[in-house]
Every structure is written in structure tokens, then in C-alpha cells.
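For reference, the chains in residue letters:
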Amino acid sequence: IDINLRQLTLYDGRKVRRVRTRFMEALSLKAYAEELQRKYPKRWRYNLRILNRIRSLHRRARNIVVDWCRKFAKYIVLKARKTGSAIVLEDLEKLWQTRSQSDSKLAWKLSRFAYRKLQLAIITKAIEYQVPIIFVNPRSTSKACPRCGSELRYWHRLGICPVCGYKRDRDVIGAINIYQRALKGMCGVLGYPVNGSGMKDETRQTAPTIDEGMKITSIYISL
Ligand SMILES: [Zn+2]
């Protein structure tokens, strides 16, 4: 299980789409900042020039992530509103799942930061534009075959189903599986159930509701 900072994966029931992120740019700035800290192991704390350099690299990295998340959130939420879709995300619980040994500490930290920022940006925009969000359980979203439900075997990032022969990239499998989880309704919709009739209080009446025929788009962020 490797972090894929390069892209995230969208699935709308028909097509899979990959969206390139700018997180790798941020990662390289942060890697450079760490390199400076290693190069001047003691001096970097006291030398103002080096310290400012390091701080500016971290700030630029942070801004790249935050800006990109905002732009993507606006794009995806406006698109969902136009097509009358709900957006499917994984529950934040995913952040506490175990990390892979092969990922560097820096990539791991940045991916968690980016993941949180992206979720928050999408939720904020979705509330602003009244687009429903469906949260699904993130547990083993890339482990089961989307076609037959058997446990997949992985060869690097490629998941292969030993039963039906289904073969796809790990991110695609994740995006399809969370889409299907949302469809099956194994989820809560911002605190109210799918087709939440019988809701009487005012806050819920104004909130976006999920219809049976509603389209959904899942956003899979590989962690
Ligand atoms: Zn299968």
C-alpha cells in the first residue's frame, strides 16, 4: 500500500477519471527544506538566512496544497451541482489507519495534511452550494474485487481477482468500491439517512437531500 500523491481518482458509475494534484511539487519543496536542515545540522536554527529559507520553503509547500485543494473542491462541487450529483468521500477515520513501511515520513505527513485539507475544502464548498456529501466507511476499500467481492491479490499497485480475473489499478478499485458502498447505502448522509423522510426540524429541511435516482461521484484519495 503506497501513498499516491500524484493523483486522485474519480468514479461516477460509468467512467474513471484521474486528476493530477500538485502535491508532488509541495513534497519536493519540503524535501529541499529537510535537505537544508541536514546540510546545516546545527546552524539552521540560529542562522537567520538559512532559517528564513527553510520557513519559506515550508510555507510555499503549504500554500500549494491549500490552493490546489480549494480549486479542486470548487471545481468538483460546482460540477456535482450542475449534474445534480452527490459526492462520495471516505470517512476521516482513514487517517488513523496504519501507514505503509515503504513510504517516507515526509510523504506520509504531507499526504495526511493534504488529505485533511482536501476533505475540509470539499465539505466547505458542498455546504455553500448545497451539494450532498456521502461518507462511507474507509475500511479495506481497495481489498475486495468490485465485480465479485472476492479478496484481491496485489502485484505492486495492480489488484488482481483470483476468482473472476478482474484486474485494475489500486486507486481505480478504491474509487469504484467507495462508489458502490455509497450506492448500497451502508452510510450516513451528513447525519441523516438516505431518503430521509420524516425529518421535521428546520435545519434538516434546508439541507440537501439524496434521492433514489441521484447520481453520485466518488473521490478516492490514496493514502
Ligand atoms: Zn472478482
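These figures come from a predicted structure and were not determined experimentally.

Enquirer: If you had to explain the coordination of the zinc ion to someone new, which residues and values would you point to?
Expert: Looking at the zinc ion, one finds its protein donor set to be C145 (SG), C148 (SG), C161 (SG) and C164 (SG), positioned 2.3 Å from the metal centre. Geometry at the zinc ion is tetrahedral, judged from its four donor atoms and the angles of 103 to 118 degrees they form at the metal. Motif for the zinc ion, donor spacing along one chain: C-x2-C-x12-C-x2-C.

Enquirer: Requested: an account of the sheet that holds strand β5 (residues 153–155), with residues and values cited.
Expert: Here we have three strands laid out as an open sheet, ordered β5-β6-β7, and antiparallel in their pairing. Each end of this open sheet is capped by a strand with a single partner; those strands are β5 and β7 (167–169). Sheet twist, expressed as the average angle between the axes of neighbouring strands with direction ignored, equals 30 degrees. Relative to strand β6 (residues 158–160), β5 is paired through three bridges, and the arrangement is antiparallel. Each bridged residue has a counterpart across the sheet, and for R153 the counterpart in β6 is I160. Of the strands in this sheet, β5, β6 and β7 are in contact with helix α5 (residues 170–184), which crosses β7 at around 95 degrees.

Enquirer: Run through unusual backbone geometry, naming residues and quoting values.
Expert: Look at Q130: it is not a glycine, yet its phi comes out positive at around 60 degrees. Considering the arrangement of structural elements, one finds Q130 in the loop between α4 (105–128) and β4 (133–136). In this structure Q130 comes out as partly exposed when scored by relative accessible area, which is 46%.

Enquirer: An account of the pairing of strand β2 (residues 16–20) is requested, with residue identities and associated values reported.
Expert: Residues in a regular strand point their side chains to alternate faces of the sheet. Sheet analysis places strand β1 (residues 7–11) next to β2, joined by five bridges and oriented antiparallel. Within the sheet, the bridge partner assigned to L8 lies in β2 and is V19. In textbook terms, the turn of a hairpin is the stretch between consecutive antiparallel strands, and for β1 and β2 this stretch comprises four residues, one of which, G13, has a positive phi near 100 degrees.

Enquirer: Got a sec to walk through the environment of C69? Specific residues and values, please.
Expert: Looking at the element boundaries, C69 is found in helix α3 (residues 48–83). Taking the relative accessible area as the measure of exposure, C69 reaches 1% and is therefore buried. Each residue touching C69, except ones within four places of it in the same chain, is listed here: F23, A114, K117, L118 and A121.

Enquirer: Describe empty space enclosed by the protein, listing the residues and the values that go with them.
Expert: Evaluation of the coordinates by the stated rule reveals one cavity of 30 Å³ or more. Around the largest cavity sit twelve residues that line it, and N4, L5, F23, I221 and S222 are the ones nearest its centre. Of all the elements in the fold, those that place two or more residues in the lining of the largest cavity are β1 and α4. Of the residues forming the lining of the largest cavity, the biggest block, three residues, is contributed by α4. Residue classes in the lining of the largest cavity are distributed as seven nonpolar, five polar and no charged.

Parameters and conventions
Residues numbered from 1 in each chain as written. Predicted model: local features only at pLDDT ≥ 70, side-chain atom pairs only at ≥ 80, totals over all residues. Heavy atoms only, no water. Donors = N, O, S within 2.8 Å, 3.2 Å for Na, K, Ca; no water. Tetrahedral: all angles 85-135°; square planar, octahedral: opposite > 155°, others 65-115°. Pairing = 2+ DSSP bridges. Helix = DSSP H or I, 4+ residues; strand = E, 2+ residues; numbered from the N terminus. Axes fitted to C-alpha atoms, helices over the stretch in contact; angles between N-to-C directions. Contact = heavy atoms within 4.5 Å. Buried < 20%, exposed > 50% of the residue type's maximum accessible area, 1.4 Å probe, protein only. 1 Å grid on protein atoms, 1.4 Å probe; cavity = no way out; pocket = protein on both sides within 12 Å on 5 of 7 lines; lining within 4 Å. Points joined across faces, edges and corners; volume = space filled by probe spheres on them. Nonpolar A, V, L, I, M, F, W, Y, C, P; charged D, E, K, R; others polar.

Interpretation note: all reported values are geometric properties and have no functional meaning in isolation.
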